[in-house]
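Residue-level structural notes
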Amino acid sequence: MNNKILVELEIPLIEKKYDLFIPINKKIGTIKTLIENALVELTDEAYVPKNDTNFYSKETGEIFDVNKTVRDTNLKNGSRIILI
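Residues numbered from 1 in each chain as written. Predicted model: local features only at pLDDT ≥ 70, side-chain atom pairs only at ≥ 80, totals over all residues. Heavy atoms only, no water.

**Details of the overall build of the protein chain**
- Each helix and strand counted, the protein chain has 1 helix and 4 strands in total.
- The secondary structure elements of the protein chain, listed N-terminal to C-terminal, are β-β-α-β-β.
- Taking 2.2 N^0.38 as the reference for a compact globule, 84 residues should give roughly 12 Å; the C-alpha atoms of the protein chain span a radius of gyration of 12 Å, in line with that estimate.
- Each principal axis of the C-alpha distribution contributes one length, and for the protein chain these read about 35 × 25 × 20 Å. (Helix = DSSP H or I, 4+ residues; strand = E, 2+ residues; numbered from the N terminus. Rg over C-alpha atoms; globule rule 2.2 N^0.38 Å.)

Put into structure tokens, the structure is as follows:
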């Protein structure tokens, strides 16, 4: 699986963590939208997507640019990210 990485995603709003494989050739913004849509379904609409949410590095606090592909960021297998 050279085209995907495994990350730990934490969502403080719903107090959950997920391990996810994300494709390295997709933009961060596209992945964020897909994850938020899945969260709406998984939480029976308890999670409500907002336009101002972002992915942050749990280690550094860096905000990931929604216009960059995963490949163009410092994300790698085992990275921990937060959606807030």
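Don't stop here, the text continues.
**Focus on the environment of Ala 38**
- By the element assignment, Ala 38 lies in helix α1 (residues 28–42).
- Taking the C-alpha atoms as reference, Ala 38 lies 15 Å from Leu 13; in sequence the two are 25 residues apart.

**Focus: the pattern of salt bridges**
- By the definition in use, this model includes 3 salt bridges.
- Salt-bridge contacts for Lys 32 lead to Glu 36; the nearest nitrogen and oxygen are separated by 3.5 Å. Remark: Glu 36 and Lys 32 occur in helix α1; sequence separation between them is 4 residues, near one turn of the helix.
- Judged by relative accessible area, which is 10%, Lys 32 ranks as buried. (Salt bridge = Lys/Arg side-chain N within 4 Å of Asp/Glu carboxyl O. Buried < 20%, exposed > 50% of the residue type's maximum accessible area, 1.4 Å probe, protein only.)

**Examining the nonpolar core**
- Core analysis: the largest hydrophobic core is formed by 19 residues, its most contacted members being Phe 55, Val 70 and Leu 75.
- Secondary structure elements with two or more residues in this core: β1 (4–11), α1 and β4 (80–83).
- Counting residues per element, this core draws most heavily on α1, at 5 residues.
- Beyond its immediate sequence surroundings of up to four residues, Val 70 is in contact with Ile 5, Ile 22, Pro 23, Ile 24, Lys 26, Ile 28, Ile 31 and Leu 75. (Core = buried A, V, L, I, M, F, W, Y, C linked by side-chain atoms within 4.5 Å. Contact = heavy atoms within 4.5 Å.)

**Points about the pairing of β1**
- When β1 meets strand β2 (residues 16–23), the two strands line up antiparallel, connected through 8 bridges. Across the sheet, residue Ile 11 finds its bridge partner in β2, namely Lys 16.
- Where β1 hands over to β2, the hairpin turn is made up of 4 residues, of which Glu 15 adopts a positive phi near 55°.
- By the bridge criterion, 3 bridges tie β1 to β4 in an arrangement that is parallel. Note on β4: the bridge partner recorded for Glu 8 is Arg 80. (Pairing = 2+ DSSP bridges.)

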